[in-house]
Amino acid sequence: MTVAYYLSHPQVQIDPAVPVPEWGLSDAGRARLATLAGAGWLGTVRRIVSSDERKAIETAEALMPMTDGARVEILPGFHENDRSATGFLPPAEFEATADAFFAAPEQSVRGWERAADAQARIVGAVDAALADGEAPVLFVGHGGVGTLLKCHVKGEPIARTADQAAEGGHPGGGNVHAFSIAGRRHLFGWTALEQVAS
């Protein structure tokens with residue numbers, strides 16, 4: 001069975017003065033990635049596909065030397081749900097808006113990209129990448145669209161209960177879920193990167 005892994009970037013350096021897509025990884029996020037050196041599952045990866053956001057690219061580039069010769073490909077469609085209408089939101093306000101985003105997938109919440117549209121985009125991007133590339137593959141992206149992808153693979157409605165923290169993943173991101181490429185069968189849900197079985 002050939003596996004596709006989806007990894008959300010770990011902790012970032014939050015700066016309200018910088019557009020969110022331009023945030024980079026924090027020292028804590030980089031330290032967590034370093035713990036993956038020698039991870040059996042990562043050593044099987046032959047291809048890395050990344051979002052074009054800085055934090056995802058930095059994650060992908062840090063992991064590249066730990067794979068089976070994978071190179072980083074930056075492809076369209078893998079970015080996080082578009083939240084540019086609000087920009088940075090304080091944590092409590094962000095969480096409330098994210099709750100509404102998942103609860104009403106056919107509606108735009110405060111000008112954010114609709115969850116239904118973001119799901120169609122990430123699923124289409126994954127399908128296109130898998131139709132034209134070597135595997136096993138590691139997709140490096142974001143928690144929101146990663147959750148939307150997982151809901152699709154599992155054939156379940158969009159829901160916040162499928163999100164990283166709700167499933168017991170690391171609250172700072174840096175979580176993995178996986179599915180089989182043939183048949184798109186869900187293999188495991190959001191799991192902290194340090195805890196993914198070899």
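Read on for an overview of the structure. Predicted model, so just to flag it, every value in this text is computed and none were measured. (Residues numbered from 1 in each chain as written. Predicted model: local features only at pLDDT ≥ 70, side-chain atom pairs only at ≥ 80, totals over all residues. Heavy atoms only, no water.)

Another aspect to go through is the pattern of salt bridges. Within the structure shown, the criterion is met by 17 salt bridges. The salt bridge involving Arg46 is made with Asp68; its shortest N-O contact spans 3.6 Å. Taken together, the residues span a long stretch of sequence, with Arg46 in the loop between helix H2 (40–43) and strand E2 (47–50) and Asp68 in the loop between helix H3 (54–63) and strand E3 (72–74) at a distance of 22 residues. Judged by relative accessible area, Arg46 falls into the partly exposed class, the value being 40%. Residues Glu58 and Arg54 are paired through a salt bridge, measuring 2.7 Å at the closest nitrogen-oxygen approach. (Salt bridge = Lys/Arg side-chain N within 4 Å of Asp/Glu carboxyl O. Helix = DSSP H or I, 4+ residues; strand = E, 2+ residues; numbered from the N terminus. Buried < 20%, exposed > 50% of the residue type's maximum accessible area, 1.4 Å probe, protein only.)

So, on to the environment of Ala4. Locating Ala4 in the fold gives a position in strand E1 (residues 3–8). Take Ala4: its relative accessible area is 0%, and that puts it in the buried class. Between the C-alpha atom of Ala4 and that of Gly169, which follows or precedes it by 165 residues, the distance is 18 Å. Look past the residues within four positions of Ala4 in its chain and what remains in contact with it is Val137, Phe139, His177, Ala178, Phe179 and Ile181. (Contact = heavy atoms within 4.5 Å.)

Let us now look at the sheet that holds E1. Ordered by their spatial adjacency, 6 strands build an open sheet running E3-E2-E4-E1-E5-E6, and the pairing between neighbours is mixed. Two strands close off the open sheet at either side, each with one partner strand: E3 and strand E6 (186–192). With strand direction ignored, the average angle separating the axes of adjacent strands in the sheet is 20 degrees. For E2 and strand E4 (residues 137–141), the ladder comprises 4 bridges, and the chain directions are parallel. What sits directly across from Ser50, in E4, is Val140. Along the sheet, helix H5 (residues 115–130) contacts E2, E4 and strand E5 (175–180); its crossing angle with E4, the most-contacted strand, is approximately 150 degrees. (Pairing = 2+ DSSP bridges. Axes fitted to C-alpha atoms, helices over the stretch in contact; angles between N-to-C directions.)

What follows concerns the nonpolar core. Formed by 26 residues in total, the largest nonpolar core has its most connected members in Phe78, Val126, Phe139, Leu148, Leu149 and Phe179. Every element with two or more residues in this core is listed here: E1, helix H4 (91–103), H5, E4 and helix H6 (143–154). The leading source of residues in this core is H5, at 8 residues. Leu33, Ala56, Leu138 and Val196 belong to the second largest nonpolar core, which has 24 residues in total. (Core = buried A, V, L, I, M, F, W, Y, C linked by side-chain atoms within 4.5 Å.)

Glancing now at the packing of H5 against H6. Packing of H5 against H6 leaves a shortest axis separation of 9 Å and a crossing angle of 75 degrees. Here H5 lies roughly perpendicular to H6, going by the angle between them. On H6, the residues that touch Ala115, Ala118, Gln119, Arg121, Ile122, Val123 and Val126 of H5 are Val145, Leu148, Leu149, Cys151 and His152. Its residues placed into classes, the contact of H5 with H6 shows 9 nonpolar, 2 polar and 1 charged. (Parallel < 35°, antiparallel > 145°, perpendicular 65-115°, else oblique. Nonpolar A, V, L, I, M, F, W, Y, C, P; charged D, E, K, R; others polar.)

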